[in-house]
Amino acid sequence: MYLCRHFFHADMAKPTLFTEYKERGRSHMWYVIQVRTGTEREIIRQCQTVIPKETLEKSFLPCFEEMKRYQGAWHKEQKLLFPGYVFLISGDPEQLYRSLKPVIGLTKLLKTGDQIISLTEPEIQFLLRFGGTEQLVKMSTGFVEQDQIIILDGPLKGMEGYIKKIDRHRREASLELPMFGRILDVKVGLEIIGKK
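Nothing here was measured: the structure is a model prediction, and the numbers come from that model.

What counts and what doesn't
Residues numbered from 1 in each chain as written. Predicted model: local features only at pLDDT ≥ 70, side-chain atom pairs only at ≥ 80, totals over all residues. Heavy atoms only, no water. Pairing = 2+ DSSP bridges. Helix = DSSP H or I, 4+ residues; strand = E, 2+ residues; numbered from the N terminus. Buried < 20%, exposed > 50% of the residue type's maximum accessible area, 1.4 Å probe, protein only. Axes fitted to C-alpha atoms, helices over the stretch in contact; angles between N-to-C directions. pLDDT = per-residue confidence, 0-100. Contact = heavy atoms within 4.5 Å. Phe/Tyr/Trp six-rings, centres within 6.5 Å; stacked < 30°, edge-to-face > 60°. Lys NZ or Arg CZ within 6 Å of the ring centre and 35° of its normal. Salt bridge = Lys/Arg side-chain N within 4 Å of Asp/Glu carboxyl O.

Participant: Let's hear about the sheet that holds strand β9 (residues 136–137): which residues, and what values?
Facilitator: A sheet is described by the order of its strands in space; here three strands give the open sequence β4-β3-β9, paired in mixed fashion. Across the chains shown, the open sheet's two edge strands, defined by having one partner strand only, are β4 (73–80) and β9. Bridging between strand β3 (residues 63–70) and β9 involves two bridges; their strand directions are parallel. If you follow Cys63 over to β9, its bridge partner there is Leu136.

See the structure below:
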């Protein structure tokens, strides 16, 4: 089980940084590193150790809530929203790129030639809307009406078009999201409370 709040610098753990990003415009950009799935926490730890704090404003792993049934009851847990990806916020992409060289286990920093590519403004705004200041996608609730999914509340409200499949037993929805210049398959928590 992953707990997202453990992946921030201790002095950067305030969720206000996501709000400040919106206020400061594009001075601090979001970058994505592709890593081997299962090594995300270790890569975050290394980044926080080797990258100067003035270069790395924040490092994080977006997560989602899901329900798991064990010991006769349902339990809310957190899982990685984008397994195999680590997110970094920095105002100095060149120094960030240089500082990442000693990090062991990086697969790929999303870039073109020697230029690091930041997330686009629509991608950042989508992540802020979807995961909020904690970058945690909460459980959504909805119902099925004539084979159509209607979301009542939660981050999936208004995003029904991204849903490709639901698993009522596992209480989750599979989405196809355009991110990082590709289409990613993503799972999030969805409680279907009825069918009409």
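We are not done yet, so read on.
Participant: Can you break down helix α4 (residues 121–131) residue by residue, with the values?
Facilitator: Every buried residue of α4 is listed here: Glu123, Ile124, Phe126, Leu127, Leu128, Phe130 and Gly131. Positive backbone phi, approximately 65°, marks Gly132, located one or two places after α4.

Participant: I'd like a rundown of the sheet that holds strand β13 (residues 172–179), residues and numbers included.
Facilitator: Hydrogen bonds between backbone groups are what pair the strands of a sheet, and the pairing can be parallel or antiparallel. Across the sheet, five strands lie side by side as β11-β10-β14-β13-β12; this open sheet has mixed pairing. For this open sheet the edge positions go to β11 (148–153) and β12 (163–167), each flanked by a neighbour on one side alone. Averaged over all neighbouring strand pairs, the angle between strand axes comes to 40°, with direction disregarded. Pairing of strand β10 (residues 140–145) with β11, which is carried by five bridges, proceeds in the antiparallel orientation. Each bridged residue has a counterpart across the sheet, and for Glu145 the counterpart in β11 is Gln148.

Participant: Which residues make up the confidence of the model for the chain, and what are the values?
Facilitator: For the chain, per-residue confidence averages 83 on the pLDDT scale, and 82% of positions sit at 70 or higher. When the elements of the chain are averaged for pLDDT, helix α1 (residues 16–24) gives the smallest value, 43, and β9 the largest, 96. Note that residues 1–26 has pLDDT below 50 and, in this model, 64 contacts with residues that lie over four places away or in other chains.

Participant: Give me the lowdown on the environment of His28, citing residues and values where you can.
Facilitator: Looking at where His28 falls in the secondary structure, it is placed in the loop between α1 and β1 (29–35). A residue is classified by how much of its surface remains accessible, and His28, at 21% relative accessible area, is partly exposed. Sequence separation of His28 and Thr55 is 27 residues, and the distance between their C-alpha atoms is 10.0 Å.

Participant: Tell me about the pairing of β12, and name the residues and values.
Facilitator: In summary, the side chains of a regular strand alternate between the two faces of the sheet. With four bridges connecting them, β12 and β13 associate as antiparallel partners. Its bridge partner being in β13, Lys165 is matched across the sheet by Ser174. Connecting β12 to the next strand, β13, in antiparallel fashion are four residues, including Arg171 with a positive phi near 55°.

Participant: I'd like a rundown of the packing of aromatic side chains, residues and numbers included.
Facilitator: Summed over the entire model, instances satisfying the criterion amount to eight aromatic pairs. In textbook terms, an aromatic cluster arises when at least three aromatic residues are bridged by ring pairs, as seen for Trp30, Phe60, Phe82, Tyr85, Phe87 and Phe180. If you follow Arg171 out to its NZ or CZ, it ends over the ring of Trp74, 3.8 Å from the centre.

Participant: Summarise the pattern of salt bridges; cite the residues concerned and give the values.
Facilitator: In this structure the tally under the stated criterion is eight salt bridges. Of the charged contacts, one joins Lys68 and Glu66 as a salt bridge, the two residues approaching to 3.8 Å between their closest N and O atoms. Among the residues examined, Glu66 registers a relative accessible area of 3% and is labelled buried. Lys79 is the partner of Glu66 in a salt bridge, and the nearest nitrogen-oxygen pair spans 3.5 Å. Placement of Glu66 in strand β3 and of Lys79 in strand β4 is noted, with a sequence separation of 13 residues between them. The class of Lys79 is partly exposed, set by a relative accessible area of 30%. Several salt bridges share partner residues, and in doing so they unite Glu65, Lys76, Glu134 and Lys138 into one network.

Participant: Describe the side chain of Ser99, and please don't skip the residues or the numbers.
Facilitator: Of note, Ser99 is situated in helix α3 (residues 93–99). For Ser99, a relative accessible area of 7% gives the class buried. If we skip the residues at most four places from it in the chain, Ser99 touches Val50, Ile51 and Pro52.

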